[in-house]
Amino acid sequence: MSKLSSRLIKETARRIGFSACGLAHPGPLPAWREAEWRRFLLEGRHAEMNYLEKHLEKRLNPCLLLDGARTMVCVALNYAHSLAPLRDETPDENEENEWKLARYAYGDDYHDVMKQKLRLFLHELGLEEGAEARVFADTAPIDEKFWAMRAGLGAIGRNTQLILPQAGSYFFLGEMLLTAEADAYDDTAAHAAAKNVPLALCGNCRACIEACPTKALDGKGGMDAGRCLSYLTIEHRGALPPGTGFAMKDCFYGCDRCAEACPWNRRFAQETNCPELMPRPALTAMQREDWMKLSREDYTRLFRKSAVKRAKFEGLRRNIDALTEENSR
Ligand code: SF4
Ligand code: SF4
């Protein structure tokens, strides 16, 4: 079988709308990364996200997800928009008074958008999903930030996110596993030595650590998910820990504070040109008072085909009630 052209793969990725694309050899994670995963789980820093314990062997070696896998293609899809100030801009008073969702949550469900694009990608390369290729959009136990880093897209930052140089971190990550071999890869030793390692883009910066209202980040590129507002407001079921409403400030679904503090975002973030990820007008029209009154019917109408469904109506209502209570103090 002839080798796939890495140049053609990258050109196709660009044409489909991905901001970055890189190729790596799939295989077992290096010992340091495996140790990080095991420590994270052992120390219970994954909180109630028990799904992270499942299929650990696959997370530690993506070749178990596709027989004969020889190539991992990693892509990044920009979701940034300027509903909240995107770069070094000061919000005006009205914006400051509004309540909001995390930036990624204003468009269509990214799982669907990413999968659709990856399937188109496969089709354009003349490959079929199944025995020779699989696509992943945060839907399988893949250590996607590690593989994106290995494929040369950027480096994991102190805020635990994948930072693309001269672009920032407002990106969804996706992967394709292929049995075909490519003619060139981005996980060369020279590349790894240059910038393909955690914190390589952080230097002495600690802006995300200082911006985190719950001290969830450990400063070494790891976090305690049980303290993170993204986890608490989306994944966590049941009552919120005391003080969460105060920490949320104005965002009742997810949290962007460590991303918004990051100089890579503040200097380089660009608005997405993917129509499906642009903010839905029905969401941008919502004012604080509307959110306070959010009914199940509103929720169903506003969040059809949206990733926000993950928090369920009860979860969103709980978050809004926590903010409402905080604001009435
Ligand atoms: S998402 Fe928010 S709470 Fe979580 S680590 Fe970042 S700043 Fe802290
Ligand atoms: S804010 Fe600074 S330390 Fe944190 S991820 Fe960005 S560059 Fe790294």
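Residues numbered from 1 in each chain as written. Chains lettered and ligands numbered in written order. Predicted model: local features only at pLDDT ≥ 70, side-chain atom pairs only at ≥ 80, totals over all residues. Heavy atoms only, no water.

J.: How would you sum up the site of ligand 2? Please name residues and give values.
T.: Every residue near ligand 2 is listed here: G157, R158, N159, I163, C202, C205, A207, C208, C262, P263 and W264. Partitioned by chemical class, the residues of the shell around ligand 2 number eight nonpolar, two polar and one charged. Looking at the shell around ligand 2, you find at least three residues from each of domain 1 (6-91 + 109-193) and domain 2 (207-327). (Near = heavy atom within 4 Å. Nonpolar A, V, L, I, M, F, W, Y, C, P; charged D, E, K, R; others polar. Domains from an automatic or database assignment.)

J.: Tell me about the domain arrangement of the chain, and please be specific about residues and values.
T.: For the chain, the domain assignment lists domain 1 (6-91 + 109-193) and domain 2 (207-327). One C-alpha centre belongs to domain 1, the other to domain 2; they are set 23 Å apart. Domain 1 puts 36 residues into the contact, and the matching count from domain 2 is 37 residues. Here domain 1 meets domain 2 over a buried area of about 3200 Å², counting both sides, of which 57% is carbon and sulfur. Of all residues in domain 1, R87, R158 and Y170 give up the largest surface area on contact with domain 2, accounting jointly for 18% of the area buried on that side. At the boundary of domain 1 and domain 2, one finds zero salt bridges. Our enumeration of links across domain 1 and domain 2 arrives at twelve residue pairs in polar contact (both at pLDDT 80 or more). Elements with a contribution of two residues or more to the side of domain 1 that touches domain 2: β2 (71-78) and α5 (110-124). (Contact = heavy atoms within 4.5 Å. Buried area = accessible area lost by both parts, 1.4 Å probe. Salt bridge = Lys/Arg side-chain N within 4 Å of Asp/Glu carboxyl O. Polar contact = N/O pair within 3.5 Å; in protein donor to acceptor, adjacent residues only side chain to side chain. Helix = DSSP H or I, 4+ residues; strand = E, 2+ residues; numbered from the N terminus.)

J.: Tell me about the site of ligand 1, and name the residues and values.
T.: Near ligand 1 you find C212, P213, T214, A216, L217, M223, C228, L229, S230, C255, R257 and C258, and these make up its full shell. Listed by contribution, the elements that provide at least two residues to the shell around ligand 1 are α9 (229-235) and α11 (257-260). Broken down by class, the residue content of the shell around ligand 1 amounts to nine nonpolar, two polar and one charged.

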